[in-house]
Amino acid sequence: MDYLDQLEAEAIYILREVAGQFDRPALLFSGGKDSICLVHLALKAFRPGKFPFPLVHVDTGHNFQEALDYRDLLAKQLDEKLIVRYVEDTIKAKNLQDGKGKFPSRNGLQTYTLLDVIEEFEFDACIGGARRDEEKARAKERIFSVRDEFGQWDPKKQRPEIWNIYNGKIDKGENVRVFPISNWTELDVWNYIKRENIVLPSIYFTHERECILTENGQLMNTNKFVELDENDVIVTKNVRYRTVGDMTCTSAVESEAYTVDDIISEIKETKISERGATRMDDRVSEAAMEDRKKGGYF
Amino acid sequence: MELLRFFTAGNVDDGKSTLIGRLLFDSNSISTDIIETLTRQSKATGNDADIDLALLTDGLRAEREQGITIDVAYKYFTTEKRKFIIADTPGHSQYTRNMFTGASNTDLAIILVDARNGITDQTKRHSIISSILGIPHILVCINKMDLVNYDENVYNQIQEDYLKFSKELNLKNVSFIPTSALTGENVVTNSENLAWYKGASLFEFLEQVEIPHEEENQDSRFQVQYVIRPQTEDLHDYRGYAGSVLSGTFKKGQEVQIFPLESKTTISKIEQNGKEIIEASAGESIIIHLEHDLDVSRGSTIVPLNQQIESEKNLEATICWMDNKAFQAGQKLILQQNSFRTKAIVKEIDSKIDIHNFSEIESDGTIQLNEFCKIQLKTAENISFDSYKKNRKTGAFILINENTNNTVAAGIIN
């Protein structure tokens, strides 16, 4: 078997374990390439049956319209259930402080909405598209990652995960985060997208965009959440997104990649990691991801 | 392109992190922003070296603080020929369960030996665990050759000692490479200092070592993970058994037996990715349809009629205890073998295995964290299995504590 076949078979196996072990699973869908791959894998795992889980999106209100349109169209085409919950609503209901600063991120706030939606539907398993190559705290996480009632990850209490036998037994109130594409790298994902002819939101490919060139050289999209001031350097460039997160904390990269093949050669050439190139939130501290995960983040 | 999964066991002191760092560095798998972060951190920790490569692999705050590997980290790199998954596992005996976890589904063990120290207790422990797990290839990296003046005699002596010690372990394929991870010698490129060594560098070895795919040639086994029943108008009678071919091959029209029912039927259809296929082999995720309407559910095992599988309630197994709390007699457990679960109790603890010399010692009735024991298990329902030696997929299980839900042991069926 080719390595992509092996990664695919492993992911399908994990998805079916979720279906077999849990009463109320959910697939967390963001409109990004990793969760799009998950949906594609779920089709392979469960068709001609329906998905044994709904797609759940935590909408921060700062999402790219292209990703939202893609999300709605996909759910409609597949005739699968889509649940959307809004960070905006959580902020109002819980009287939370919205993101501050020049680029107000709602990354931390989405944990609240995520935990609420888990509680609302009593989800016992949430499937996500996180990969171990993204970040070194993720590199330590199990494929079945048990969270307590507060959604917290305790790296010291991880269950041993031996062979590919997955223990998803939990008590009521707890939930398991499941990462079927843990062992895929960014390049694997793109090679898979190419092989399977998976359609993606347009912002993954090069397009002309007006951006703020930040002091550390990142290209931040200008949008209604970012207040411009006179010192801002505004540039118009051909860019694409390597990851699709919030438009306030995800930066674009300069690119001339029109096709998946172009993107693959670009990634092979690039010397900067996916998160390093595009995420402002992980630059905060060395253990930023570990701390957010401990707090219930994906 | 093929996929090779391997594990490295050891600690910072053994040069393990340096070695992994080398592999990632020299295969261009580390990005510049990560190197920048590392350089910044390395300065902060006051390390003399330009970059402290351990910081690359030790991803948890506690690990960085203590300078040790506590839990498995997974790292990835790709060359022209292969994709590699490294399970970077801890060396300390107190984290044996984490090492066992990382090692469990790999094809190759890299065992690091410090050329100055030769074979140590740790070398023996890691080799014995590799033997218990039936890891197909063992590569002994005799590292830090730069610190013994690249002396061939030192290398030969360690090799001889290792072969002598490991004679009883039934290790499958043992190879040796002299390296210096720090200088990179024999990691990616061959070295003039080690001109007397004519074999492959570590990189060449990793690209060339045969990936065994043992399960392809074993008896055919399939286990049901999930039953697909759309119950829609046009698919009213559709009933597909979704699962993975654990070993061997399955064909349309094949006569099969379903365990634990022991009822016979025929495979009427095999589907993969929405298409009908004639044959599926080990590792593939498929949907099987059966001729007759039988009580087949999650955990049922499908076996060709002309092949045997054990099916009973009494098992002899070797387990590694993984719970912080010691085993208690009478403890109610759940045994999980792939997707099959049944209640189980430990009937007898036959002996304890000394993990440093592989000898069996009399059991005192207790099993503590990280201990290996031979036990007798009794299950509530019949379990269909092979011995682990015969089939790594059907001969392995975990034990779950019914109260805490924790995975408390990993077991292989003898």
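Residues numbered from 1 in each chain as written. Chains lettered and ligands numbered in written order. Predicted model: local features only at pLDDT ≥ 70, side-chain atom pairs only at ≥ 80, totals over all residues. Heavy atoms only, no water.

## Structural notes on the environment of I264 of chain A
Residues and elements named next belong to chain A.
Alright, step 1. Among the secondary structure elements, I264 is positioned in helix α7 (residues 260-269).
Alright, step 2. The class of I264 is buried, set by a relative accessible area of 8%.
Alright, step 3. Once residues lying within four places of it in the same chain are set aside, the contact partners of I264 are L187, W190, N191 and K194. (Helix = DSSP H or I, 4+ residues; strand = E, 2+ residues; numbered from the N terminus. Buried < 20%, exposed > 50% of the residue type's maximum accessible area, 1.4 Å probe, protein only. Contact = heavy atoms within 4.5 Å.)

## Some words on unusual backbone geometry
Alright, step 1. Geometrically, the link from R47 of chain A to P48 of chain A is a cis peptide bond, its omega value of 10 degrees lying close to zero.
Alright, step 2. Along the polypeptide, P48 of chain A turns up in the loop between α2 (33-46) and β2 (55-59).
Alright, step 3. Phi is positive for K144 of chain B, which is not a glycine, with a value near 65 degrees.
Alright, step 4. With respect to the element layout, K144 of chain B can be found in the loop between β5 (137-143) and α7 (152-166).
Alright, step 5. For K144 of chain B, a relative accessible area of 16% translates into the label buried.
Alright, step 6. Positive phi, normally seen in glycine, also occurs at Q231 of chain B, with a value near 50 degrees.
Alright, step 7. Locating Q231 of chain B in the fold gives a position in the loop between β7 (221-228) and β8 (240-247).

## A closer look at the pairing of β2 of chain A
Residue and element names in this part refer to chain A.
Alright, step 1. Taken across its five residues, β2 has five buried, putting it largely inside the fold.
Alright, step 2. Covered by surrounding structure in β2 are L55, H57 and D59 together with V56 and V58, the residues of both alternating faces.
Alright, step 3. Sheet analysis places strand β1 (residues 25-28) next to β2, joined by two bridges and oriented parallel. From the neighbouring strand, L28 faces β2, where its bridge partner is V56.
Alright, step 4. Between the parallel pair β1 and β2, the chain is carried across by α2, and the sense of this crossover is right-handed.
Alright, step 5. As paired elements, β2 and strand β3 (residues 82-86) share five bridges and run parallel to each other. Paired with V56 across the two strands is I83, which belongs to β3.
Alright, step 6. Where the polypeptide runs from β2 across helix α3 (residues 65-78) and back to β3, its parallel neighbour, the crossover connection is right-handed. (Pairing = 2+ DSSP bridges. Right-handed = clockwise from strand over helix to strand, strands pointing away.)

## Observations concerning the pattern of salt bridges
All names here are of chain A.
Alright, step 1. For the coordinates displayed, the defined rule picks out 40 salt bridges over all chains.
Alright, step 2. As a salt-bridge pair, K172 and E122 come within 3.6 Å of each other at their nearest N and O atoms. Note that K172 is positioned in the loop between β5 (144-147) and β6 (175-178) and E122 in the loop between α5 (110-121) and β4 (125-127), a separation of 50 residues in sequence.
Alright, step 3. When salt bridges with common partners are traced through the structure, they connect D5, E8, K44, R195 and E196 into a single cluster. (Salt bridge = Lys/Arg side-chain N within 4 Å of Asp/Glu carboxyl O.)

## Digging into the nonpolar core
Alright, step 1. Core analysis: the biggest nonpolar cluster contains 136 residues, and W163 of chain A together with F6, F100 and L206 of chain B have the highest contact counts within it.
Alright, step 2. Core analysis: the second largest hydrophobic core is formed by 22 residues, L333, V346, L399 and I413 of chain B among them. (Core = buried A, V, L, I, M, F, W, Y, C linked by side-chain atoms within 4.5 Å.)

## Notes on helix α5 (residues 96-103) of chain B
In an α-helix, one full turn covers 3.6 residues, which means residues spaced three or four apart are oriented alike.
Alright, step 1. Counting buried positions along α5 of chain B gives eight out of eight residues, so the element sits mostly inside the fold.
Alright, step 2. For α5 of chain B, the full list of buried residues reads T96, R97, N98, M99, F100, T101, G102 and A103 of chain B.

## Here we look at the environment of L55 of chain A
Residue and element names in this part refer to chain A.
Alright, step 1. Looking at the secondary structure, you find L55 in strand β2.
Alright, step 2. By relative accessible area, which is 1% here, L55 ends up buried.
Alright, step 3. The spatial distance from the C-alpha of L55 to the C-alpha of W184 is 21 Å, given a sequence separation of 129 residues.
Alright, step 4. Not counting residues up to four positions away in its chain, the partners in contact with L55 are L27, F29, V39, K81, L82 and I83.

## Notes on the packing of aromatic side chains
Residue and element names in this part refer to chain A.
Alright, step 1. Counted according to the given criterion, the structure contains 22 aromatic pairs over all chains.
Alright, step 2. Both rings, one in Y13 and one in Y166, keep their centres 6.4 Å apart while their planes meet at 50 degrees; by these two values the pair is tilted. Placement of Y13 in helix α1 (residues 3-21) and of Y166 in the loop between β5 and β6 is noted, with a sequence separation of 153 residues between them.
Alright, step 3. Residue classification places Y13 among the buried positions, given a relative accessible area of 7%. (Phe/Tyr/Trp six-rings, centres within 6.5 Å; stacked < 30°, edge-to-face > 60°.)

## Observations concerning the sheet that holds strand β7 (residues 207-213) of chain A
Residues and elements named next belong to chain A.
Alright, step 1. Strand order in this open sheet of four strands is β8-β7-β9-β10, and the pairing throughout is antiparallel. Each edge of the sheet is formed by a strand with only one pairing partner; in this case those strands are β8 (219-221) and β10 (253-254).
Alright, step 2. With three bridges joining them, β7 and β8 adopt antiparallel strand pairing. Bridge pairing in β8 places C211 opposite N221.

## Regarding the interface of chain B and chain A
Alright, step 1. Across the contact, 72 residues belong to chain B and 58 residues belong to chain A.
Alright, step 2. In total, chain B and chain A occlude about 5400 Å² of area from one another, counting both sides; carbon and sulfur atoms represent 53% of this.
Alright, step 3. When residues of chain B are sorted by the area they lose upon contact with chain A, Y76, Y226 and N405 of chain B head the list and together hold 11% of the total.
Alright, step 4. Linking chain B to chain A there are three salt bridges.
Alright, step 5. For D188 of chain A, the salt bridge goes to K83 of chain B, with nearest N and O atoms at 2.2 Å.
Alright, step 6. Counting across the chain B and chain A interface gives 23 residue pairs in polar contact (both at pLDDT 80 or more). (Buried area = accessible area lost by both parts, 1.4 Å probe. Polar contact = N/O pair within 3.5 Å; in protein donor to acceptor, adjacent residues only side chain to side chain.)

## Quick look at the packing of α1 of chain A against helix α6 (residues 186-196) of chain A
Residue and element names in this part refer to chain A.
Alright, step 1. It is the contact of α1 with α6, at a shortest axis distance of 11 Å, that shows an interaxial angle of 95 degrees. Comparing the axis directions of α1 and α6 gives the class roughly perpendicular. Where α1 abuts α6, its residues Y3, L4, D5, L7 and E8 lie against D188, N191, Y192, R195 and E196.
Alright, step 2. When its residues are assigned to classes, the contact of α1 with α6 shows four nonpolar, one polar and five charged. (Axes fitted to C-alpha atoms, helices over the stretch in contact; angles between N-to-C directions. Parallel < 35°, antiparallel > 145°, perpendicular 65-115°, else oblique. Nonpolar A, V, L, I, M, F, W, Y, C, P; charged D, E, K, R; others polar.)

## Considering the environment of T366 of chain B
Residue and element names in this part refer to chain B.
Alright, step 1. Structurally, T366 can be placed in the loop between β19 (360-362) and β20 (372-385).
Alright, step 2. Separated by 40 residues in sequence, T366 and A326 place their C-alpha atoms 7.1 Å apart.
Alright, step 3. Setting aside residues up to four positions removed in sequence, T366 forms contacts with I349, K352 and E371.
Alright, step 4. A polar contact of 2.8 Å, which involves the side chain of T366, links it to the side chain of D364.

## Examining the domain arrangement of chain A
Residue and element names in this part refer to chain A.
Alright, step 1. According to the domain assignment, chain A contains domain 1 (3-188 + 286-294) and domain 2 (198-282).
Alright, step 2. Each of domain 1 and domain 2 has a C-alpha centre, and these two points are 23 Å apart.
Alright, step 3. Taken together, the contacts link 29 residues of domain 1 with 35 residues of domain 2.
Alright, step 4. Around 2700 Å² of area is buried between domain 1 and domain 2 when both sides are counted, 60% of it from carbon and sulfur atoms.
Alright, step 5. Ranking the residues of domain 1 by area buried against domain 2 places F64, K102 and F103 at the top, with a combined share of 28%.
Alright, step 6. Scanning the region where domain 1 abuts domain 2 turns up two salt bridges.
Alright, step 7. The residue E66 makes a salt bridge to R209 at a minimum N-O spacing of 3.9 Å.
Alright, step 8. Secondary structure elements with two or more residues in the side of domain 1 that touches domain 2: α2, α3, α6 and α9 (288-294).
Alright, step 9. The leading source of residues in the side of domain 1 that touches domain 2 is α2, at four residues. (Domains from an automatic or database assignment.)

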